[in-house]
Amino acid sequence: MKIDLIFAAGSRGRRDFHGKTVVVIDVLRATSTIVTALTNGCLALYPVADPGTAALFRRKLGSDCLTGGERQGLKIPGFDLGNSPLEYTAETVAGQRIILTTTNGTQAMLEAEHAAEILIASFLNAGRTSTYLADKAEVVFFCAGTKGEPGLEDLLCAGLMTERLLASGVEAELTDAARIGLVAYRHLMGRPEADPVAVLHQAQHARGLVALGFSDDITYCAQIDSRPCVVRFRDGRITLLPEANTASEA
């Protein structure tokens, strides 16, 4: 297996993803929100580039769907939901379809749309996702970052999944970028005494969310393997991958 890592959305051309398994990571908060929504009974999410496209897509799907997303970390005016995973409760999202647009996460998903396979990962489903990746030939961890800059939280999540793959016995060739993710994870979170919540609070993006009143989101998004599932983005829809979600944890 070859493992690569991308530090932020907007740094690679779409052709770079062709034929590869791409794992999009936006821990704070899009991919954590997606995993939460789907495991709480959401039928599917549809990532779009901007609020205007979301409005057009809602008219196409019909009124029986929700809109979710953020700009500058806050819910978009007129949308049903923001980008806090804590909003996506079973009572709110079960049986629903959701159109989602965020500053970084959905941009990364759309950039990778020509990949052979696109998965959605966070700390919440890192273990199950790693298990699913074990037989892939070429994996790219696509960290969404923040406005074109690397995000520590995404790098750590990619490092965790790389560590899980290596621990499972997978023979892997790591690019320099993938090694950086692995080293960061081992240094900050790989020790038994490490507190994932405290580590995540060190991230610049986390500090911004705390200033906006979303401290509880940081604590929630730091829960490793709390929602074991495999999530796939294909043909414009994000859904659970049923055949993979019967597998045991790594």
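See the structure shown above.
Residues numbered from 1 in each chain as written. Predicted model: local features only at pLDDT ≥ 70, side-chain atom pairs only at ≥ 80, totals over all residues. Heavy atoms only, no water.

Draft legend 1. The packing of helix 6 (residues 152–167) against helix 7 (residues 176–188), seen in detail. In contact at an axis separation of 7 Å, helix 6 and helix 7 are set at 95° when each is read in the N-to-C sense. Compared by their axis directions, helix 6 and helix 7 come out roughly perpendicular. Where helix 6 approaches helix 7, its residues Leu 152, Leu 155, Leu 156, Gly 159, Leu 160, Thr 162, Glu 163 and Leu 166 are matched on the opposing element by Ile 180, Gly 181, Leu 182, Ala 184, Tyr 185, Arg 186 and Leu 188. Here the contact of helix 6 with helix 7 is composed, by residue class, of ten nonpolar, three polar and two charged. (Axes fitted to C-alpha atoms, helices over the stretch in contact; angles between N-to-C directions. Helix = DSSP H or I, 4+ residues; strand = E, 2+ residues; numbered from the N terminus. Parallel < 35°, antiparallel > 145°, perpendicular 65-115°, else oblique. Contact = heavy atoms within 4.5 Å. Nonpolar A, V, L, I, M, F, W, Y, C, P; charged D, E, K, R; others polar.)

Draft legend 2. The arrangement of the pairing of strand 6 (residues 97–101) in detail. For strand 6, the tally of buried residues reaches four of five residues, placing the bulk of the element in the interior. Sheet topology note: the strand 3 (residues 44–47)/strand 6 ladder contains four bridges and is parallel. Looking across to strand 6, one finds that Leu 45 is bridged to Ile 98. Here strand 4 (residues 66–71) pairs with strand 6 via four bridges, running parallel. Within strand 6, the residue paired with Thr 67 across the bridge is Ile 99. (Buried < 20%, exposed > 50% of the residue type's maximum accessible area, 1.4 Å probe, protein only. Pairing = 2+ DSSP bridges.)

Draft legend 3. Looking closely at the side chain of Thr 102. By the element assignment, Thr 102 lies in the loop between strand 6 and helix 4 (105–111). According to the relative accessible area criterion, Thr 102 is buried, its value standing at 2%.

Draft legend 4. Looking closely at the nonpolar core. If you look at the biggest cluster of nonpolar residues, it comprises 76 residues, and the most contacted ones within it are Val 23, Ile 25, Ile 34, Leu 45, Phe 141, Phe 142 and Ile 238. Ranked by residues supplied to this core, first place goes to helix 6 with seven residues. (Core = buried A, V, L, I, M, F, W, Y, C linked by side-chain atoms within 4.5 Å.)

Draft legend 5. Looking closely at the environment of Leu 160. Mapped onto the elements, Leu 160 comes out in helix 6. Once the C-alpha coordinates of Leu 160 and Val 183 are considered, the two residues, 23 residues apart in sequence, prove to be 9.8 Å apart. Beyond its immediate stretch of four places on either side in the chain, Leu 160 contacts Phe 123, Ala 126, Tyr 185 and Ile 224.

Draft legend 6. The arrangement of unusual backbone geometry in detail. A cis geometry characterises the amide bond from Leu 28 onward to Arg 29, with omega recorded as 15°. Structurally, the position occupied by Arg 29 is in the loop between strand 2 (21–25) and helix 1 (30–39). Positive phi is not limited to glycine here, since Gln 72 has a value of about 55°. On the basis of relative accessibility, which here comes to 58%, the residue Gln 72 falls in the exposed class. Phi is positive for Lys 147, close to 55°, though the residue is something other than glycine. Tracing the chain through its elements places Lys 147 in the loop between strand 8 (138–143) and helix 6. For Lys 147, a relative accessible area of 56% translates into the label exposed.

Draft legend 7. Up close: the pattern of salt bridges. Enumeration according to the criterion identifies nine salt bridges in this entry. A salt bridge links Arg 186 to Glu 163; the nearest nitrogen and oxygen atoms lie 2.9 Å apart. You can see Arg 186 sitting in helix 7 and its partner Glu 163 sitting in helix 6, a full 23 residues away along the chain. Exposure remark for Arg 186: the relative accessible area of 43% places this residue in the partly exposed category. Across the salt bridge formed by Arg 191 and Glu 193, the nearest N and O atoms sit 2.9 Å from each other. We classify Arg 191 as partly exposed; its relative accessible area is 37%. (Salt bridge = Lys/Arg side-chain N within 4 Å of Asp/Glu carboxyl O.)

Draft legend 8. Examining the packing of helix 5 (residues 126–133) against helix 6 more closely. With their axes 9 Å apart at the nearest point, helix 5 and helix 6 run at an angle of 50° to one another. In this view, helix 5 runs oblique relative to helix 6, as classed from their interaxial angle. As helix 5 runs across helix 6, the sense of the crossing is right-handed. Here helix 5 contributes Ala 126, Gly 127, Thr 129, Ser 130 and Leu 133 to the contact with helix 6, which in turn contributes Leu 160, Met 161, Arg 164 and Leu 165. Counted by class, the contact of helix 5 with helix 6 contains five nonpolar, three polar and one charged residues. (Left-handed = near helix turned anticlockwise from the far one by under 90°.)

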